[in-house]
Each structure stands twice: as C-alpha cells, then as structure tokens.
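Okay, here's what each chain looks like letter by letter:
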Amino acid sequence: MAINLKPKVRRLLLDKRQQKRYVFLLMAFVFTILYRMGKWPFASKNIALDPHNLPYSFQDYSGKDEPFFRGCTDTNLYLQDPDYAKMNASFVMLTRNEELGDVLKTMRSIEGHFNQWFGYPYVFLNDRPFTDHFKGQIQAATNATVEFGTINETAWEFPAEVRDSLLFKTALEDQNDRGIMYGNMESYHKMCRFYSGLFYKHPLVSKYEWYWRIEPDVDFFCDISYDPFLEMAKNNKKYGFTVLITELYWTVPNLFRTTKSFIRKTAGLKENLGTLWKLFTFNYNILDTEDEEISRWVNYPSDAKPKLTEKLMVDFLLENRGQLDNEEDLEGIQYLVERARSKMPLMEDSIEGEDYNLCHFWSNFEIARVDLFDNEVYNAYFKYLEESNGFWTERWGDAPIHSIGLGMILDLEDVHYFRDIGYRHSSLEHCPKNAIQGESNSGEFDDGFDFGCGCRCVCPKNEEDIEDNSTPCMDIFFELLQGKEYEKDFPGCYKPSIKDKDVIEEIRRDNFRVIE
Ligand SMILES: Nc1nc2c(ncn2[C@@H]2O[C@H](COP(=O)(O)OP(=O)(O)O)[C@@H](O)[C@H]2O)c(=O)[nH]1
Ligand SMILES: *[C@@H]1O[C@H](CO)[C@@H](O)[C@H](O)[C@H]1NC(C)=O
Ligand SMILES: *[C@@H]1O[C@H](CO)[C@@H](O)[C@H](O)[C@H]1NC(C)=O
Ligand SMILES: *[C@@H]1O[C@H](CO)[C@@H](O)[C@H](O)[C@H]1NC(C)=O
Ligand SMILES: [Mg+2]
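Residues numbered from 1 in each chain as written. Chains lettered and ligands numbered in written order. Predicted model: local features only at pLDDT ≥ 70, side-chain atom pairs only at ≥ 80, totals over all residues.

Caption draft 1: Spatial organisation of the site of ligand 2. Around ligand 2 lies a shell formed by Glu 111, Gln 116, Ala 141, Thr 142 and Asn 143. Looking at the shell around ligand 2 residue by residue, the classes come out as 1 nonpolar, 3 polar and 1 charged. (Near = placed C-beta within 6 Å. Nonpolar A, V, L, I, M, F, W, Y, C, P; charged D, E, K, R; others polar.)

Laid out in structure tokens, this is it:
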C-alpha cells in the first residue's frame, strides 16, 4: 500500500537537486507563457524608452529620402489607376536544386505580401540545370511567369589559368586557416564574383529594366501595397535596400586600396564621385590646419585636444628654456619624453586620408535598375577588380562591391531606404512600426505609431531591429540624409570640421592662463 504523505512532508523529503529542477521547470513554463504573450519581463528595450535617446526604430526621419507610402494604400485602387503601368521588371534568385524548401518559403512570403496582386515574373538562375521537380514545384507556387536559366562556364567559373594554379588552391586554404567565413568554399567565391559583375549580363536578367533580388529562406513581415518599381521610377530612385551593415574586415582587406587605384586610373572619376561615396568612407582629414604633421597625428575628433596640447607645451618649453621653474620644467620634459616615445599613427588602410568604413547595403535584398551595373564605369570597375584577383586571394563579397561601386556613380538621393519593408534573412532583420491606419491595425497586426510607416506588419516579438544595431552605418546614413555631412563629434566626420585655432584657443584658456 502506498503511503500518502502530506505535501509539506513530501517537499522536505525531495532531495535538493530535484527541488531545483521543479522550480526551474515551473519558471520555464511561466516564461514561455509570458514570451508567447509578448510580455517577456527581461526585454528592457520595450520598457522605459529614454525620450532623448530613442532607438532609430522609434523615430521618424525626414530628409532626402522618405518612405513612398506611410502605411497601406488601397492596392485595388492603385492598380486601377489609369496611370498605373506594370513595370519592365522581375524577381531574380540564384539558387540550387537542393534549396527548394527554402525557395518555396521565400516565395510564399513574397506572394502573400506583394506579388499575388502585382504578378511580377520570376527568374531563377543556377550553375547547373534545374530539375523538373524543382521547376514543377516553383511553377505551382505562383500564378506569375517563371523562367529558369543556367549560368555558362565563363560567367560562373574562375578562368582556367586561375583554377589550375597552385596559388589559387593555397589562397583558399590560407583563408580557411585564418578562419575567414566561407574562405575555402570555392562555390561561395564564385557566387560573390557572379553577383558582383556578371548577373546583370545574363540574358534573362538583362531583358528587364529592373530587378528585385531575393534569396532562399527570407521572410517579409509587412504588406507591400504599392509597386516599388513604379514608385522608384517616379521618384528618380535607382537602388533600394532594407539593411545596411558592416562587412567583416578580413574578407576585404585590399578592396578599398584596389578601388582607390581604379579611381586614380580612370580619367575624370575622382572629380565626379557621387555623394553616396560618403556613406562608405571614413575621412581622417578632420582637422582644419596648415600644420601637416599635426594633421597626420589627428585622425579622430578625440585626438585633437591632446595632440595640440602636446604641441603647445613643447613649443612653449623650447621657447622659454632656462626661464622656467622646476615644476613647469618637469611637466614640459614629460611632454617631450612622451612625444619622443610615441609613434606617428599609421592608418594602414587610409589612402589619401580616406578609408572604407565597411558599411554596405546587404545585397541579398536589392531593388534596382539593371543599367546601374551594366554601364561603362561599373563594368570597368568589375574588370579591374577581377584582374586584381581579389575574388579568390580574398573573399570579397558582392555586397561591399555593389555598394562601393555605386558609391562612385550615385548620389545619396538616388538611393531609397525601403524602411517600410519588413525583412529577415539568416539572423538579421528589419521590421518597421506600422503607421496608424484604422482598418489595418485591428488586432491581427502590430500597433500603429505616428511615426510608423509599415503596412499590416506583424513583427517577430522581442527581436532586435538591425536599424538600431548597425553602428556606424545607420548613424552615417541618417546624418547624411539630414544634410549634416557628419556632425563635429561624429566618428569619421567627412569634412575637416575641427579648426586647430579653436582648439588651441580652448587649451590656452584652460591651461596657460597662469603662465601667460
Ligand atoms: N546555383 C548556385 N547558387 C548558389 C551557390 N552558392 C550560393 N548560391 C546562392 O547564392 C545566394 C547566396 O548564397 P548564401 O549561401 O545564401 O550566402 P549568404 O546569404 O551570404 O550566407 C543564395 O541564393 C544561394 O542559393 C552555388 O554554388 N550554386
Ligand atoms: C492563382 O490564381 C487563382 C485564381 O485567381 C487563385 O485561386 C490561386 O490562389 C492563385 N495561386 C497562387 C499561388 O497565388
Ligand atoms: C556567358 O554568359 C555571360 C553573362 O551571363 C555572357 O555575357 C557571355 O556572353 C556568355 N558567354 C558565352 C560563351 O556564352
Ligand atoms: C525592357 O527593358 C529591356 C532592358 O532595358 C529592354 O531591352 C526591353 O525592350 C524592355 N521591354 C519592354 C517590353 O519594354
Ligand atoms: Mg543567403
């Protein structure tokens, strides 16, 4: 016969370990429920937002680029407008037969949120022929036209003399040894090269004026109730993005050097760089001074005061040798010793005082004109990059190459931030706040905000928006949009924005009053 213990006694008899496990299970259960309800107590970002320091995702921005619509537009009316004309455009996806499941996932998302109304065709590209099974499944997933293309050997493979060289094999192995992501995956290098300079020459892509690049395993979180191609055309936009982030340094150590050398060798390019260039570069020439030496010492705003103080102290000491009392002498000698010990900072990647800041549009999402790439300057740029071998001696991604390449050609105003398009790929996502719009905010969708621009968004709960976590790229982007050309204390401010005279004045006021 089982003994029936009183609960209190039973609790005492449970060994400590087990007791802990019960507590843990109970807590896990409670938190699961809270999490499901979106009331996770540790998500501090959802509680007190400091009104003076709001994350970008809780702010509006205005300037040279605005969302085309804030919230939903009536898609039926939009399509019935006699001025509406379907654009010469298609989706483009490079993929493999094995990725069918993830491809269908992306298609379901884009069909549901956009293409069921607009019916844009799809172009699928592959270095191998697509199987009948793949084609059948894709066809069944949309009512739009679908085309399948293969990529020929010249466009996909590295040239034979490269492929067969010992250098090629050791270069990939070496990148693997150094732990560079995808470094020894030849196919990844080929993919990056293809997307950098060849996809737009494929006949299935070049027969359209516009393309929208998509990838397997992508989620869209909001409805796109208007035609982004048409709105871009109407607003003179040429390239659209949703995510702007930094690249891994070791994938592109020589990309900027090579780019600068291309610019030097291309007549007229340097004088005509687009203003978008500023989004991708740091400028170390921040001190407005005639003293070239001090200019090389000062590369960040925080360098200005200490370096100029040092200079003043040393000058002062040299001028007043022998006339100072001990204490001042000692301090001056300290400065002298310090200066003798320190080395002029070598900004190893700085060329003409400029450096790549690693920012790039995340190119797995792009809505753009095909001719942005298929033109003299960009084609020459790609050829130059190819001849420098960086697609295999390093692991240059197509994203930084598109960004830097377009930075040379485009102005900031030519680019559109699709802030209203909620997007996730791999672990990064952007999801906008909905606009306030009666019918569209009825419980089923996220709450609306005054500053919101999303249409029927349902964002994943408690996830970080990359818009709030993309330093310094989003900072630079928003600064530039507002025409600020970087504020004075901004990292890498673009213009020589600190006057040496002002700083010297300040130092004198602080330190030299007694002596003078
Ligand atoms: N056909 C084909 N597609 C590829 C190959 N490698 C990558 N892709 C495609 O290129 C895109 C980018 O590749 P992915 O591995 O997703 O790169 P990630 O997003 O940077 O991690 C995806 O659409 C892939 O399906 C390849 O060897 N062959
Ligand atoms: C294709 O169109 C039919 C008829 O309008 C519709 O019932 C079906 O859901 C559509 N299929 C897809 C994949 O959108
Ligand atoms: C291979 O494809 C590229 C672009 O996709 C094209 O420019 C080139 O002419 C093609 N080459 C051959 C030999 O068909
Ligand atoms: C679409 O654009 C391509 C590339 O610009 C062009 O060659 C083609 O004639 C256009 N098609 C239509 C139907 O306008
Ligand atoms: Mg991918």
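Here the narrative resumes, following the displayed structure.
Caption draft 2: Broad picture of the site of ligand 1. Residues in contact with ligand 1, as listed here, are Met 93, Leu 94, Thr 95, Arg 96, Glu 99, Asn 126, Asp 127, Ser 187, Met 191, Glu 215, Pro 216 and Asn 364. Counting only elements with at least two residues in the shell around ligand 1, the list comes to β1 (89–94) and α9 (186–197). In terms of residue class, the shell around ligand 1 is made up of 4 nonpolar, 4 polar and 4 charged. (Helix = DSSP H or I, 4+ residues; strand = E, 2+ residues; numbered from the N terminus.)

Caption draft 3: Geometry of the environment of Leu 336. Tracing the backbone through its elements, the reader meets Leu 336 in helix α15 (residues 326–341). For Leu 336, a count of 15 C-beta atoms within 10 Å puts it in the partly exposed group. Along the sequence, Leu 336 and Met 313 sit 23 residues apart, while their C-alpha atoms lie 8.5 Å from each other. Residues within four places of Leu 336 in sequence aside, it is in contact with Val 314 and Leu 317. (Buried ≥ 20, exposed ≤ 12 C-beta atoms within 10 Å, placed from the backbone. Contact = placed C-beta atoms within 7 Å.)

Caption draft 4: Summary view of helix α4 (residues 100–118). Helix length check: α4 (19 residues) gives 23 Å between terminal C-alpha atoms against 27 Å at 1.5 Å per residue, more than 12% under. The principal kink in α4, of about 65°, is found at Glu 111. Taken together, the buried positions of α4 are occupied by Val 103, Thr 106, Met 107, Ile 110, His 113, Phe 114, Asn 115 and Phe 118. Turning to α4, the residues buried within the fold contact β1, α5 (132–140) and β5 (218–220). Trailing α4 by a residue or two, Gly 119 shows a phi angle of about 60°, which is positive. (Expected span 1.5 Å × (residues − 1). Bend = angle between axes of the 7 residues up to and from the residue.)

Caption draft 5: Layout of the UniProt feature "active site" (unreviewed entry) in the protein chain. When the UniProt feature table is mapped to this numbering, "active site" (unreviewed entry) covers Glu 366. Residue contacts for Glu 366: discarding those within four places in its chain leaves Arg 213 and Phe 241. (UniProt positions renumbered as here; feature names shortened; annotations may be inferred.)

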